[in-house]
Amino acid sequence: MSSKVASSSNVRLAEASYGKDLVRILRVVRDASDRSSHRIVEYTARCLLSGASLTPSYTQADNSPVVATDTVKNTLNYLAKVLPADDVLCPERYALNVANHFLSTYAHIEGVEVDLIQHKWTRIVLDAKDGGAHKHSFVRDGDEKRTVRAVARRVGGEARVTELAGGLKGLLVLKSSGSAFYGFHRDQYTTLKEVNDRIFSTEVEAIYSIALPNKPLPAILAAKSELPAFCDLAASVKAHTIRIFALDNSASVQATMYRMSEAILNDAGNGAITDVAYALPNKHYIPIDLGFKGLSNLDEKDAEVFLPSQHPSGLIKAKVVRTAASKL
Ligand SMILES: O=c1[nH]c(=O)c2[nH]c(=O)[nH]c2[nH]1
């Protein structure tokens, strides 16, 4: 098919990928021995495809190689239905299976990027007199989300995972003491006062790279017992993040985030994590001037009423890796 828009020969396609975004999926897994006993997982998924054979769809309006984005969406739903429970309930495993499906089904697809956001559902636990853990009732007990990014490419005829990262986002934390910020650079533009005791609040975003066995993707998925315990890694990253946030006598967001990363990478159970990157907004809480009533609220020792002033916020980012000598 020829395009109605004239094409010019002095440009070329430099990069391209396409697929479906914001695909919403809830999977219910019914226990084989008790069909009323459920586990659930909810994802928002993005799946993008790429490959040199798709170039004519951009440059010559030739749709023949295009696996429709609607087909991509159908496939995400289909795999959520037919994959074994442990491959759907675990976002890393679901993402790797999705990537493997596209590379093994379509010879002309060379790259697959899968990004998942897992929404929080926690089983409702009732009083013992009401039966304790409920079989199929869940609560959204927090805004935090687990994230996964898996990228796989055909390399030398084999499907290889080129990137696998787990993550955590939307975890809101606040400490009302145990955080200072002083000794910073001062010049003619500086108005910030040094402070020994301030509120520290942030919405944690953490992303960590996960090492996989050095094998083609189908072989990785076939040897399930060799896969890292992805859920344990996610739980450990969250636990270290919260623990260091609470315990660290924070000199700055920078120093605290480094200690969080250190704790994660030094944990012997986290050998599969090769790096950790945090992006932490510093959500400022500003003491309010109550001098109009003769009340002291501005000095850090007296400050009790604060304005949650989240715009603008600081934004501190860092990525931490193990030194070569310290590989676990
Ligand atoms: O922990 C902090 N790091 C900074 O770099 C910074 N800058 C600032 O104004 N307040 C803070 N707090």
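Residues numbered from 1 in each chain as written. Predicted model: local features only at pLDDT ≥ 70, side-chain atom pairs only at ≥ 80, totals over all residues. Heavy atoms only, no water.

Going by the annotation in an unreviewed UniProt entry, the name recorded for the protein is Uricase, with Pseudozyma flocculosa given as the source organism. If you open the UniProt record of the protein and go to Sequence similarities (unreviewed entry), you find "Belongs to the uricase family." UniProt, in its Pathway (unreviewed entry) section for the protein, records the words "Purine metabolism; urate degradation; (S)-allantoin from urate: step 1/3." (UniProt positions renumbered as here; feature names shortened; annotations may be inferred.)

(A) Main features of the environment of D86. Locating D86 in the fold gives a position in helix α3 (residues 85–89). Take D86: its relative accessible area is 38%, and that puts it in the partly exposed class. Sequence separation of D86 and Y43 is 43 residues, and the distance between their C-alpha atoms is 15 Å. Only 3.4 Å separates the side chain of D86 from the side chain of R93, close enough to count as a polar contact. Side-chain polar atoms of D86 contact the side chain of K224, separated by 3.5 Å. (Helix = DSSP H or I, 4+ residues; strand = E, 2+ residues; numbered from the N terminus. Buried < 20%, exposed > 50% of the residue type's maximum accessible area, 1.4 Å probe, protein only. Polar contact = N/O pair within 3.5 Å; in protein donor to acceptor, adjacent residues only side chain to side chain.)

(B) Quick look at the pairing of strand β8 (residues 200–210). As judged from the ten bridges shared by strand β7 (residues 158–175) and β8, these two strands associate in the antiparallel manner. Bridging across to β8, K169 finds its partner in E205. For β8 and strand β9 (residues 273–287), the ladder comprises six bridges, and the chain directions are antiparallel. Within β9, the position partnered with I207 by the bridge is A277. (Pairing = 2+ DSSP bridges.)

(C) Molecular detail of the UniProt feature "binding site: 5-hydroxyisourate" (unreviewed entry) in the protein. UniProt annotation of "binding site: 5-hydroxyisourate" (unreviewed entry) refers to T69, D70, F181, R198, V253, Q254 and N282 when read in the numbering used here. The greatest C-alpha distance among the annotated residues, which extend across 214 residues, is 51.3 Å, indicating that they are dispersed rather than converging on a single site. Mapped onto the elements, T69 comes out in helix α2 (residues 69–82). Contact partners of T69, with chain neighbours within four places excluded, come to Y18, G19 and K20. (Contact = heavy atoms within 4.5 Å.)

(D) Expanded view of the side chain of S309. Mapping S309 onto the fold places it in strand β10 (residues 306–321). Relative accessible area serves as the criterion here: at 15%, S309 is assigned to the buried category. If we skip the residues at most four places from it in the chain, S309 touches H284 and I286.

(E) Local environment of the UniProt feature "binding site: urate" (unreviewed entry) in the protein. The residues that UniProt annotates with the feature "binding site: urate" (unreviewed entry) are T69, D70, F181, R198, V253, Q254 and N282. Within the secondary structure layout, V253 lies in helix α7 (residues 253–266). V253 sits in the buried class, given a relative accessible area of 2%. Discounting residues that sit within four places of it in the chain, V253 has contacts with R198, F200, L280, N282 and I316. One can find Q254 in helix α7.

(F) A look at the side chain of H101. The topology assignment puts H101 in helix α4 (residues 91–105). Of the residues examined, H101 reaches a relative accessible area of 19% and is grouped as buried. In this view, H101 contacts T75 and L79; residues no more than four positions away in its chain are not counted.

(G) Looking closely at the sheet that holds β7. Sheet architecture is open: eight strands sit in the order β1-β2-β3-β6-β7-β8-β9-β10, paired in antiparallel fashion. In this open sheet, the two edge strands, each paired with only one partner strand, are β1 (18–30) and β10. Within this sheet the neighbouring strands show an average axis-to-axis angle of 15°, counted without direction. Judged from the eleven bridges that link them, β1 and strand β2 (residues 38–50) form a sheet pairing that is antiparallel. Paired with R24 across the two strands is T44, which belongs to β2. Strands in contact with α7 are β8, β9 and β10; relative to β9, the strand with the most contacts, it is inclined by about 150°. (Axes fitted to C-alpha atoms, helices over the stretch in contact; angles between N-to-C directions.)

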